[in-house]
Amino acid sequence: MKKVLALILAIASVFSLANFSASAEDAAENTVVITRGDIDFVFEAGVSEDLMNSFIHSVETECDGCEDAATYGLMCTLFGHKLETSTAYTITHKASATAPRCLKRYYSVAACTRCDYTEKELIRSEYISCC
């Protein structure tokens, strides 16, 4: 009886490890990473280039109390923005002098496909060990 139980547990552990590694590969294939200086921008795979560029520009030019001047097209003025939404995160390397050194921030991102309007909302941030 003990041998049967040990065999069942061994088979179950092999299947659970195989399933875990397959999902990790899928997650790596479903992201796009863009590196600018000390910041990595990570997006979902189906995100458009315009949304990526708008988000990267809004993070790089971020300042407190500044209002972004966005040019609205005639279509946006009449009918409103046509927003493409996604989630993204950034990893700022060497953000802290002590471990954990890297700052990971999760954002909800929306960008208009007709004009240069972009909005981002910080969902959460955490320090991680990566460098």
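Residues numbered from 1 in each chain as written. Predicted model: local features only at pLDDT ≥ 70, side-chain atom pairs only at ≥ 80, totals over all residues. Heavy atoms only, no water.

## Concerning the side chain of Lys104
Position of Lys104 among the secondary structure elements: in strand S4 (residues 102-112). Notably, Lys104 is buried but unbridged: the nearest opposite-charge side chain belongs to Glu126, and the N-O separation is 4.9 Å. Only 3.2 Å separates the side chain of Lys104 from the side chain of Tyr106, close enough to count as a polar contact. Ignoring anything within four residues of it in the chain, the contact list for Lys104 reads Tyr89, Thr90, Ile91, Arg124, Ser125, Glu126 and Ile128. (Helix = DSSP H or I, 4+ residues; strand = E, 2+ residues; numbered from the N terminus. Buried < 20%, exposed > 50% of the residue type's maximum accessible area, 1.4 Å probe, protein only. Lys, Arg positive; Asp, Glu negative; His and termini not counted. Salt bridge = Lys/Arg side-chain N within 4 Å of Asp/Glu carboxyl O. Polar contact = N/O pair within 3.5 Å; in protein donor to acceptor, adjacent residues only side chain to side chain. Contact = heavy atoms within 4.5 Å.)

## With respect to a nonpolar patch on the surface
A contiguous nonpolar patch, built from Leu74, Met75, Leu78 and Phe79 and spanning about 480 Å² of accessible area, is present on the exposed surface. As for its placement among the helices and strands, Met75 is situated in helix H3 (residues 74-79). Exposure remark for Met75: the relative accessible area of 44% places this residue in the partly exposed category. (Patch = residues over 30% accessible without salt bridge, like charges linked within 9 Å, V, L, I, M, F, W, Y side chains within 5 Å. Areas by Shrake-Rupley, 256 points an atom, 1.4 Å probe, with all protein chains shown as cover.)

## Comments concerning the pattern of salt bridges
Any two side chains of opposite charge can pair if their charged atoms end up close together. Per the counting criterion, the structure on display carries 1 salt bridge. The shortest N-O distance in the salt bridge between Glu60 and Arg36 comes to 3.4 Å. With a gap of 24 residues between them, Glu60 in helix H2 (residues 49-60) and Arg36 in strand S1 (residues 31-36) connect regions that are remote in the sequence. Given the relative accessible area of 39%, Arg36 is considered partly exposed.

## Points about the sheet that holds S4
One open sheet accounts for 5 strands, arranged S1-S2-S3-S4-S5; its pairing is antiparallel. At either margin of the open sheet sits one strand with a lone partner, and together these are S1 and strand S5 (118-128). Taking each pair of neighbouring strands and ignoring which way they run, the sheet shows an average axis angle of 20°. One ladder, built from 5 bridges, connects strand S2 (residues 39-44) with strand S3 (residues 83-92); its direction is antiparallel. (Pairing = 2+ DSSP bridges. Axes fitted to C-alpha atoms, helices over the stretch in contact; angles between N-to-C directions.)

Take it as geometry only, folks, not as evidence of what the structure does.
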